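Reading the structure
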Amino acid sequence: MILAGDVGGTKVHLALYGFTEGRLTHVRDEKFPSGQYAGLEIVVREFLSHDATKPDITAACFGVPGPVRDGRLKVTNLPWELDSRILSSDLNIEHLFLINDLEANGYGIPELRTEAIFTLHAGDPSSVGHRGLVSAGTGLGECLLIWDGQRRRHLPIPSEGGHCDFAPRNEREIALLNYLRRTLNGRVSFERVVSGLGIKNVYGFLRDDQKMEEPAWLRERIAAEDPNAVIGECAENGSSEICYETLQLFVGAFGAEAGNLALKVLAMGGIYLGGGIAPKILKTMENGVFEQAFLDKGRMSPLLHSIPVRIILDDTCALLGAAAYAEARAAEISGHSERAASVQTPVTG
């Protein structure tokens, strides 16, 4: 039995998988609110306590937000510090690994069913080469998927590219940058715009700086409910102008940064959009604003036209990747892997 985890600033998603005849088989999964727990070990123990069969776990892997160095990290957007050796000992799981959450997503893409991928921009679907992965959720994650032509596979390389400087492209985005510099007291990264945190920042900019009207009913809903869910719903159904304009700014910046990553990695194999936001706002993602920003790269625009853009619809992608990584690495260590050649030890440990 394999334990897989997708750790985020909002929730921890855990799952058990079997592995038979070279394929992962889902057993069960459960989600936990991250902020209500003091650490990952507590969440895992609660998850396992819900299983009366007391499964014998042979390997575990957790995709975690932030840079993993020698099996350790301080989790981004959570007050947790994790160490794979301590977790392995405390949970009594011999083979336990921590990898970057986007790296886990990268390993999960080959495990996805065809219907779990939505094509936003067709590009040249026959093109083979490097890929890029950009995931907007609580934060903004990025990953390079480097094509190994000899082994015919993509190797995920973790990145913290979401923390690079936000680059405004027009007068409104320049005004947004200046607003955020004031409210954040300094530097502004892409994550401050393209993420769940970013949606709230953009909304605040339009309300407070651009003086767009916030109706009383909307203000009350945002105060009582999940603000991002309300903004997304009202933007998608057209009931609020300020919510609509918030998502226009959001997807424009999202598309621009996806195009930036496509240029940096020369992603002829495509750009994948992960995270929980894009699948929930498909109508807005399809309205042309994202695509226009993605393609608007001056002399390099013809190159961007040939690069496919695909949205990952399956929220278990990172779990599948973590499970695949755990199985392959544990089997590699023990010397009898069915798929060890498909996974390489990350440079981060």
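By convention here, each chain's residues receive numbers from 1 onward along its written sequence. Predicted model: local features are reported for residues with pLDDT of at least 70 only, side-chain atom pairs are reported and counted for 80 or more only, and whole-chain, interface and lining totals are derived from all residues. Hydrogens and waters are ignored; side-chain quantities use all the structure's heavy atoms.

Starting at the N terminus, helices and strands are each numbered in turn, a helix being any DSSP run of H or I of at least four residues and a strand any DSSP run of E of at least two. A count of helices and strands for the protein gives 12 helices and 13 strands. Throughout, radius of gyration means the C-alpha value; the globule benchmark is 2.2 Å times the number of residues raised to the power 0.38. Computed over the C-alpha atoms, the radius of gyration of the protein is 20 Å, within 12% of the 20 Å expected from 2.2 N^0.38 for a compact globule of 349 residues. Along the longest, intermediate and shortest principal axes, the C-alpha atoms of the protein span 60 × 45 × 35 Å. Burial classification: accessible surface area is computed with a 1.4 Å probe over protein chains only, and a residue below 20% of its type maximum counts as buried, one above 50% as exposed, and the rest as partly exposed. Here the protein holds 349 residues, and the buried ones make up 54% of them. Expressed as a percentage of contacts within the protein between residues at least 6 apart in sequence, the contacts between residues at least 24 apart total 67%. Contact between two residues is taken to exist if any of their heavy atoms lie within 4.5 Å; hydrogens are not considered.

All right, on to the sheet that holds strand β13 (residues 309-312) then. Taken in spatial order, the 6 strands make up an open sheet running β8-β13-β12-β9-β10-β11, and their pairing is mixed. In this open sheet, the two strands that pair with only one neighbour each are β8 (117-121) and β11 (153-159). Taken pair by pair, the neighbouring strands of this sheet meet at an average axis angle of 25°, ignoring direction. Criterion used throughout: strands pair if DSSP finds at least two bridges between them. Inspection of the sheet shows strand β9 (residues 131-136) paired to strand β12 (residues 271-274) by 4 bridges, in the parallel sense. By the bridge assignment for β12, S135 is matched with G274. Here an axis means a line fitted to C-alpha atoms, over the contact stretch when the element is a helix, while the angle between two N-to-C directions is reported on a 0 to 180 degree scale. On the sheet, helix α8 (residues 241-265) packs against β9, β10 (140-148) and β12 and is oriented at approximately 155° with respect to β9.

Mapped onto the fold, L112 is located in the loop between α3 (101-108) and β8. Along the backbone, L112 and A223 are 111 residues apart, and their C-alpha atoms lie at a distance of 37 Å. Beyond its immediate chain neighbours, meaning those up to four positions away, L112 contacts I117, I312, D314, C317 and L320.

Counting 52 residues, the largest nonpolar core has F250, F254, I271, L273, M285, F290 and F294 as its most contacted members. It is α8 that contributes the most residues to this core, 12 residues altogether. Ignoring any residue separated from it by four or fewer positions in sequence, one finds F254 in contact with V134, A136, V194, L273, A278, M285 and F290. Throughout, nonpolar core names a set of buried Ala, Val, Leu, Ile, Met, Phe, Trp, Tyr and Cys residues whose side chains join them through atoms within 4.5 Å.

Another aspect to go through is the packing of helix α6 (residues 216-224) against helix α7 (residues 227-236). Between α6 and α7, the shortest axis-to-axis distance is 8 Å and the interhelical angle comes to 140°. Put simply, α6 runs oblique to α7. Counted together, W217, L218, R221 and I222 of α6 and P227, V230, I231, E233 and C234 of α7 form the full contact between these two elements. Under the convention adopted here, Pro, Cys and the residues Ala, Val, Leu, Ile, Met, Phe, Trp and Tyr are nonpolar, Asp, Glu, Lys and Arg are charged, and Gly plus all remaining residues are polar. Of the residues that constitute the contact of α6 with α7, the class distribution is 7 nonpolar, no polar and 2 charged. An angle below 35 degrees is treated as roughly parallel, one above 145 as roughly antiparallel, one from 65 to 115 as roughly perpendicular, and anything else as oblique.

Working definition: rings of Phe, Tyr and Trp (its six-membered ring) pair if their centres are within 6.5 Å, and the pair is stacked with planes under 30 degrees apart, edge-to-face with planes over 60 apart, and tilted otherwise. Enumeration according to the criterion identifies 9 aromatic pairs in this entry. Geometrically, the ring pair formed by Y107 and Y325 is tilted, given 5.4 Å between the ring centres and 50° between the ring planes. One end of the pair, Y107, is in helix α3; the other, Y325, is in helix α12 (residues 317-334), and 218 residues separate them in sequence. Measuring from ring centre to ring centre gives 5.7 Å for Y179 and F205, while their planes differ by 55°; the resulting arrangement is tilted. Placement of the pair is Y179 in helix α4 (residues 171-184) and F205 in helix α5 (residues 196-209), with a sequence separation of 26 residues. Here Y179 and F205 have matching classes, each one buried.

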